Number of protein chains: 2
Amino acid sequence: MATESAGPDGGTKPKVTITAIAQEAGVSVPTVSRVVNGRSDVSPETRARVEDLLRLHGYRRRQAAPGDRAALVDLVFNDLDSPWAVEIIRGVEEIAHQDGVGTVVSAIHGRAGSTRQWMKNLRARASDGVILVTSALEPVVHAELRRLNVPIVVVDPAGSPALDGPAAPTVGATNWAGGLAATEHLLSLGHRRIGFIAGPPRLLCSRARLDGYRAALEAAGVPFDQALVAQGDFYHESGFHGCDQLMASPTPPTAVFASSDQMALGAIEALRRRGLRVPEDVSVVGFDDLPEVSWSAPPLTTVRQPLADMGKVAARTVLRQARGEEIDSPRVELATQLMIRASTAPPTAP
Amino acid sequence: MATESAGPDGGTKPKVTITAIAQEAGVSVPTVSRVVNGRSDVSPETRARVEDLLRLHGYRRRQAAPGDRAALVDLVFNDLDSPWAVEIIRGVEEIAHQDGVGTVVSAIHGRAGSTRQWMKNLRARASDGVILVTSALEPVVHAELRRLNVPIVVVDPAGSPALDGPAAPTVGATNWAGGLAATEHLLSLGHRRIGFIAGPPRLLCSRARLDGYRAALEAAGVPFDQALVAQGDFYHESGFHGCDQLMASPTPPTAVFASSDQMALGAIEALRRRGLRVPEDVSVVGFDDLPEVSWSAPPLTTVRQPLADMGKVAARTVLRQARGEEIDSPRVELATQLMIRASTAPPTAP
């Protein structure tokens, strides 16, 4: 067990030893060691006192060092139910693997029991860092992680960057610019009635994509029409129903911008069942650029989110923090890119 | 560090202590401990002698025990480049999570350097078990894992079940029965010229699916025609080219059975570009039932492989082995199921 230390800001401070912590806490060295190693045979009061001191002195719980036990990072999803997840895993694993660090993948299903179990496991395996995807954890768990002095990075932050207390670094994509680019593409093809299928409103990325869509419309002098916005949840089914609702209007859109690829595929299915062709009758744009959408029928025009790269940046950031190094920036947004394929075309003259 | 022990057959034997191993090896207790913990500061000769004794006495390197460091299983893929992978991860993680075990996901890209790095990491983190997907490792690595006395389970075994030495348990799907069911479905619709896009011939599952296709044809009295078989590699691109090749024949098939979902989506794109409609002009069947193919255009008829369940069985098996318990069966094949959707229909009368 190395005794490297670093301040909470990522800068280095003089090293602190377990012995010094034990003296200050008035407990034995093995007791401090038990707390550091996440063992359960320490009274809650002693644990709290020792952890406070460890945190105060910026003691790093475990270091990847030659001959030491290998390091681990925890990668936490709400659910492992989307091809989206494998892209993030791929990026994180690639960087961690190079550093000899294992990537522990967990799903906590937004359930308190599952989160408690995960926290217990995390403490026991003395993970060197935690990458949360779409801020899978409640503020109370963030606080607990900070108490353990485990570095955290949030990929695709769900809400406002300011968590309770000093904020964790975040890695996202330029969602607003992506929403703008997709809408500008449809406008440039001549579309004026453009439907939008939104993601969950509690997520920052959903709101940014919607705002990008609005901004493009406004810049083109096309009035924003709330009737052209359907509410979705990023999954296929909601894209299907959202598109169906938009097409049921007396003045249906000639193009639909679904703010996730899965919703775009759902929208294409809704159009297919109505006997409408994509892109001849209705254009469809997605958001994500999952590998399989270049093989949808037709291949999908979409906004590329560099998901694997987001995983890589998150892994680099959390590993730098774990080593007590400075990080480049606490807020990173990687550029999105419009991928024009076969699902968009000019509107048919009425 | 617990000192539970178990025979290589999974039965329990009297416990052996580190002290006893140290005595027998003629080394100090800390040296044995260093070997057990995968540290590098032990000479290769001493390491080999101690590891031989650990293996001989069936010493388990690490046990998940209350208050002990949390357990880990390693889940190893060749590549993390398919939505297929996330299904396996989901199943393994669910079972491991319940047991307080972390799932360390790795990709070794079939490269020796990457495998060596992974082996080094595995040893250092003292993983309790290894789940290999599509037998990502060379026989020499299997031998090394056995030397470390780490339980192994192979999901979707690549080759013949007999590895060099005592075989690892395997978890697969009824690939032959799946190939048979898909072909019988097309035959029952009235198709007689049925194309087949095969997976990599080195994989057992590819060969089983092809044999199931042949068996169904033979049972229906339809002669097998090698010209109707295209070679693929399970990825989209090969399904596209394979289907294109089949359709270029003077007597093209009226149905195509692609032995992976990704190849089926590639096949549909090849047909779309030729101006052929699915299923009106050509029927298409896939294999896997990835979540997204119920949303392809049209929704794909396919053979469901219970990938998440395969991950669950693999996790249960490796954790039972790690605890020194008996496993139910060293060879498990989970049932496949034909999912009939909108990509298959009777052939059009000529």
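What comes next concerns the included structure. Just so it is clear, the structure is predicted and the values come from calculations on it, not from any experiment.

### With respect to the overall build of chain A
Phase 1: If you tally the helices and strands in chain A, you get 11 helices and 12 strands.
Phase 2: The buried share among the 350 residues of chain A stands at 59%.
Phase 3: Within chain A, contacts between residues separated by at least 24 positions form 71% of all contacts whose residues are at least 6 apart in sequence.
Phase 4: Here chain A displays about 13,300 Å² of accessible surface, and carbon together with sulfur accounts for 54% of that area.

### Quick notes on the sheet that holds strand β7 (residues 229-231) of chain B
All names here are of chain B.
Phase 1: Ordered in space as β7-β6-β8-β9-β10-β12, the six strands form an open sheet in which the pairing is mixed. Because the sheet does not close on itself, it has two edges, and the strands there are β7 and β12 (337-339). Averaged over all pairs of adjacent strands, the angle between their axes in this sheet comes to 20 degrees, without regard to strand direction.
Phase 2: Helix α8 (residues 204-219) contacts β6 (194-198), β7, β8 (255-258) and β9 (283-288) of the sheet and is inclined by roughly 165 degrees relative to β6.
Phase 3: Here helix α10 (residues 261-273) sits on the sheet in contact with β6, β8, β9 and β10 (301-304), set at roughly 160 degrees to β9.

### Some details on the interface of chain B and chain A
Phase 1: Each side of the interface is counted separately: chain B has 53 residues, and chain A has 53 residues.
Phase 2: A combined buried area of about 4,200 Å² lies between chain B and chain A, and 60% of that area is made up of carbon and sulfur atoms.
Phase 3: Counting every contact that joins chain B to chain A gives zero salt bridges.
Phase 4: If you look at where chain B meets chain A, you find eight residue pairs in polar contact (both at pLDDT 80 or more).
Phase 5: Put simply, the parts of the chain that give the side of chain B that touches chain A at least two residues each are α4 (83-98), β2 (102-107), α5 (112-125), α9 (236-247) and α10 of chain B.
Phase 6: Per-element accounting of the side of chain B that touches chain A gives the leading share, eight residues, to α4 of chain B.
Phase 7: Here the residues of the side of chain B that touches chain A are counted per class, giving 25 nonpolar, 16 polar and 12 charged.
Phase 8: Where strand β2 (residues 102-107) of chain A lies against β2 of chain B, two bridges are found, and the strand directions are antiparallel. Residue T103 of chain A lies in a different strand from β2 of chain B, and its bridge partner there is V105 of chain B.

### Re unusual backbone geometry
Residue and element names in this part refer to chain B.
Phase 1: Along the chain, V278 connects to P279 via a cis peptide bond; the corresponding omega equals 5 degrees.
Phase 2: Look at the link from A297 to P298: it is a cis peptide, with omega at -5 degrees.
Phase 3: Secondary-structure assignment places P298 in the loop between β9 and β10.
Phase 4: For A126, which is not glycine, the phi torsion reads 50 degrees and is therefore positive.
Phase 5: Here A126 lies in the loop between α5 and β3 (129-133).
Phase 6: Overall, the relative accessible area of 1% leaves A126 in the buried class.

### Side note on the sheet that holds strand β12 (residues 337-339) of chain A
Hydrogen bonds between backbone groups are what pair the strands of a sheet, and the pairing can be parallel or antiparallel.
Residues and elements named next belong to chain A.
Phase 1: Taken together, six strands build an open sheet; the order of strands is β7-β6-β8-β9-β10-β12 and the sheet is mixed. The sheet terminates laterally at β7 (229-231) and β12, the two strands that pair on one side only. For this sheet the average axis-to-axis angle between neighbouring strands, irrespective of direction, equals 20 degrees.
Phase 2: Across four bridges, strand β9 (residues 283-288) lies against strand β10 (residues 301-304) in parallel orientation.

### What about the relation of the copies chain B and chain A?
Phase 1: Mapping chain B onto chain A is achieved by rotating through 180 degrees and translating by 0.0 Å along the same axis, at an RMSD of 0.1 Å. Such values leave the two copies arranged in the relation of a two-fold axis.
Phase 2: Comparing interface residues between copies, 100% of those in chain B also sit at the interface in chain A, which points to an isologous, same-surface contact.

### A closer look at the pattern of salt bridges
Phase 1: Scanning all chains against the criterion turns up 30 salt bridges over all chains.
Phase 2: Of the charged contacts, one joins D99 of chain A and R323 of chain A as a salt bridge, the two residues approaching to 3.0 Å between their closest N and O atoms. Taken together, the positions of D99 of chain A in the loop between α4 (83-98) and β2 and R323 of chain A in the loop between α11 (307-322) and β11 (331-334) put the pair 224 residues apart, joining distant regions of the chain.
Phase 3: Measuring nitrogen to oxygen at the nearest pair gives 3.1 Å for the salt bridge that ties R277 of chain B to D281 of chain B.
Phase 4: The network of salt bridges with shared partners includes D99, R320, R323 and E325 of chain A.

### Regarding the packing of helix α7 (residues 175-188) of chain B against α8 of chain B
Residues and elements named next belong to chain B.
Phase 1: One can describe the packing of α7 onto α8 by two numbers: an axis separation of 7 Å at closest approach and a directional angle of 40 degrees. Relative to α8, the crossing made by α7 is right-handed. Contacts between α7 and α8 pair N175, W176, G179, L180, T183, E184 and L187 from the former with C205, A208, R209, D211, G212, Y213, A215, A216 and L217 from the latter.
Phase 2: Here the residues of the contact of α7 with α8 are counted per class, giving nine nonpolar, four polar and three charged.

What counts, and where the lines are drawn
- Numbering of residues starts from 1 in every chain and runs along the sequence as written.
- In the order they appear in the text, chains get letters beginning with A and ligands get numbers beginning with 1.
- Totals for whole chains, interfaces and linings use all residues, but because this is a predicted model, local features are given only for residues with pLDDT of at least 70 and pairs of side-chain atoms are given and counted only at 80 or more.
- Values reported for side chains reflect all heavy atoms of the structure, with hydrogen atoms and water molecules removed beforehand.
- Helix numbers and strand numbers start at the N terminus; a helix is a DSSP run of H or I with at least 4 residues, a strand a run of E with at least 2.
- Residue exposure (1.4 Å probe, protein chains only): buried if accessible area is under 20% of the type maximum, exposed if over 50%, otherwise partly exposed.
- Should any heavy atoms of two residues lie within 4.5 Å, those residues are considered in contact.
- All accessibility values rest on the Shrake-Rupley procedure with a 1.4 Å probe; residue burial counts only the protein chains present in the view.
- When DSSP locates at least two bridges between a pair of strands, those strands are taken to pair.
- Each axis is a line fitted through C-alpha atoms, taken for helices only over the stretch in contact, and angles between the N-to-C directions span 0 to 180 degrees.
- A 1.4 Å probe defines the accessible area here, and the buried area is the portion of it lost by two parts on being joined, summed over both.
- Put simply, a salt bridge is a Lys or Arg side-chain nitrogen that is within 4 Å of an Asp or Glu carboxyl oxygen.
- Under the rule applied, a polar contact is a pair of N or O atoms within 3.5 Å (in protein, one hydrogen donor and one hydrogen acceptor; residues adjacent in sequence only if both atoms are side-chain atoms).
- Residues are grouped as follows: Ala, Val, Leu, Ile, Met, Phe, Trp, Tyr, Cys and Pro are nonpolar; Asp, Glu, Lys and Arg are charged; all remaining types, including Gly, are polar.
- Each copy is superposed on the other by least squares, with the fit set by C-alpha atoms of residues at a pLDDT of at least 70 in both.
- When the near helix sits turned anticlockwise from the far one by under a right angle, the crossing is termed left-handed; a clockwise turn instead gives a right-handed crossing.

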